[in-house]
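# Structural features, examined
These are the residues of each chain, in order.
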Amino acid sequence: MRAAPVASPARTARARGLRLAARARGDGCAVTRRAVTRSPVRRGRGRANVTHATNAAKEPVYLLDYGAGNVRSVRNAVTALGFEVRDVKTPKDLSEAKKLIFPGVGAYGSAMDILRERGLIEPLREYVRADKPFLGVCLGLQLLFDGSEESGGVEGLGLIPGSVDKFRGEGLIVPHIGWNLTNTKKSSGLMDGMESERVYFVHSYRATPTEANKDWVLATCDYGGEFIASVQKGNVMACQFHPEKSGATGLGVFQRFLEDAKPTGQFGTAPSVTNGLARRVIACLDVRSNDSGDLVVTKGDSYDVREKDEGGDVRNLGKPVELAGKYFKQGADEVAFLNITGYRDLPLTDAPMLEVLRRSSETVFVPLTVGGGIRDFTDSNGKSYTALEVASAYFASGADKVSIGSDAVYVAEDWYASGKVNTGKTSVEQISERYGVQAVVISIDPRRQYVADPSMTKNKCVETSRPGPNGEKYVWFQCTVKGGREGRDIGAYELAIAMEALGAGEILLNCIDEDGQGNGFDHELVNLVSDAVGIPVIASSGAGCPEHFTNVFNVTKCSAALAAGIFHREEVLVSEVKAHMTSNGLPTRA
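This one's a predicted model, so the numbers in the text were calculated from it and none came from an experiment.

Quick look at the overall build of the chain now. Check the secondary structure of the chain and you find 19 helices and 29 strands. Buried residues in the chain amount to 58% of all 590 residues. Across the chain, every contact between residues at least 6 apart in sequence was considered, and the portion connecting residues at least 24 apart equals 72%. Surface exposure of the chain reaches about 22500 Å², of which carbon and sulfur atoms provide 47%.

Structurally, Glu 197 is set in the loop between strand E9 (183-184) and strand E10 (199-203). Within polar-contact distance, the side chain of Glu 197 engages the side chain of Thr 249 at 3.2 Å.

With that settled, the discussion passes to helix H4 (residues 71-80). For H4, the buried fraction is high: seven of the ten residues fall into the buried class. Turning to H4, its buried residues number three or more, namely Val 71, Ser 73, Val 74, Asn 76, Ala 77, Val 78 and Ala 80. Immediately beyond the C-terminal end of H4, within one or two residues, lies Gly 82, with a positive phi of roughly 90°.

A few words on the packing of helix H12 (residues 387-396) against helix H14 (residues 427-435). Close contact between H12 and H14 brings their axes to 9 Å; oriented N to C, the two are set at 45°. Comparing their axes, H14 and H12 come out oblique. Between H12 and H14 lies a crossing of right-handed hand. Contact residues: Ala 387, Leu 388, Ala 391, Ser 392 and Phe 395 in H12; Ser 427, Gln 430, Ile 431, Arg 434 and Tyr 435 in H14.

Now for the sheet that holds strand E4 (residues 134-138). Strand order across the open sheet formed by eight strands is E2-E1-E3-E4-E14-E13-E12-E9, with mixed pairing between neighbours. Here the strands that pair on one side only, and so sit at the sheet edges, are strand E2 (85-88) and E9. The pairing of strand E13 (residues 226-233) with strand E14 (residues 236-239) spans four bridges and is antiparallel. Considered in E14, the bridge of Val 231 is made with Ala 238.

About the cut-offs
- Residues numbered from 1 in each chain as written.
- Predicted model: local features only at pLDDT ≥ 70, side-chain atom pairs only at ≥ 80, totals over all residues.
- Heavy atoms only, no water.
- Helix = DSSP H or I, 4+ residues; strand = E, 2+ residues; numbered from the N terminus.
- Buried < 20%, exposed > 50% of the residue type's maximum accessible area, 1.4 Å probe, protein only.
- Contact = heavy atoms within 4.5 Å.
- Areas by Shrake-Rupley, 256 points an atom, 1.4 Å probe, with all protein chains shown as cover.
- Polar contact = N/O pair within 3.5 Å; in protein donor to acceptor, adjacent residues only side chain to side chain.
- Axes fitted to C-alpha atoms, helices over the stretch in contact; angles between N-to-C directions.
- Parallel < 35°, antiparallel > 145°, perpendicular 65-115°, else oblique.
- Left-handed = near helix turned anticlockwise from the far one by under 90°.
- Pairing = 2+ DSSP bridges.

Below, the structure written as structure tokens:
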């Protein structure tokens, strides 16, 4: 029987996490604008009930770094909490660890291969069996099980009974990406009181609770059925969600693990928020060099970012790192950097953009996406680099996802021309194989093309409520490349289908016609693409007020909505958008 709720220690940890995040930013601000409106009584309810072990000196935390994309983010979160981080790359390193965090994203088979190559499989099993303090994250949880059907079927560490299988369900959008609620099954210092707090998930595979593993199950989540959200037995713990990307709530999870928080008996509180996967609000920063060579955040109308005055310089709306931090404080669920600088050479030499990612990941504890120049390159010296190498540099600098634009169009054209053959050599396939499908976002830049009859094009048309200039009743959405300057004979519908087949995990759906207009998202475009694929679709371009976000979530199947200019110019705050969504009954992260 569940204990009656008394107070929420997770809220105390969350508030403490906000203070720590503010301290890491150096701005002295203890809470976000949103948090200021909360009741002082509510914020303080759980404080006296949190029981921590008293350690005069903090022991170093060991991080198992096998090259996963989220290692930098986990390191930044632990560092923000005041702990020293040491890397584990060899069996000897692991033997010295007294507290171990095993972060992981990407493909199950690839991770096991790397652990095997480094001789870490048996030492890791011995560490866990010895009941030493251990916290696995995402893939770091999945690898504890017997195996996974991912990568054609792979054996895991065999420490928890059960298999990790793909999400399945009629109409279920996979990957499971976003902020969801958990259901705690027993009291623990790690997760007591968290049931009304959303945490960030991003995965296509999950373990399910069974009679054989029930003594391990700490919390579950509901998405197409119940799956395991976290496990704990003794000092061994792991979570499917990402604490390092779950804002102040996630920092609290790390803190309770690192400080050996004790169970309080407070769990099972019915959430006071709307159930279900939250609709995400994403703040986008279009970044490019101005005529002086400085990286600035800019925004244009229909992709034109130049000022209209005589100078015609790139419109400057702020500094990337500062704006990313501001949107994190306002409650953005994700932050996207789209580097729209035209590359003449290798983007790996773009030190300013990599530095923007590194600095942002130190203080912004929600997912970061970066796009721009992710394709195969040959530099001015004749040396060739793969798109995977470019993406790896972004991941190493703090990105959680990469966005592929023009290269995706060329890849899709070749895919259709070959008879829909997956070669394994494209940018999309290579990056998703190494880092997982959830790490690959396809950014589509379409514009409307009107036709009198669908037979006039090979591309998918819809009957439109906005007739063309000559009264045309049908429209298809032409994909463009080179920043919208060149149209191609492939539609957004066809591109999205090809990208899902090649291993992309998400579609960022822009609209050149609506960009900067403030008239709302193009629902016809969003419906066309979100109905065509089973992966998440992000609506972009056209938002002018909070109501536009609520509308697109109500009338389409999109999973997230993105805006840029209205946030940069402070015409609308992220928190105002989310307040409007909440008041209209949409699942929303507070």
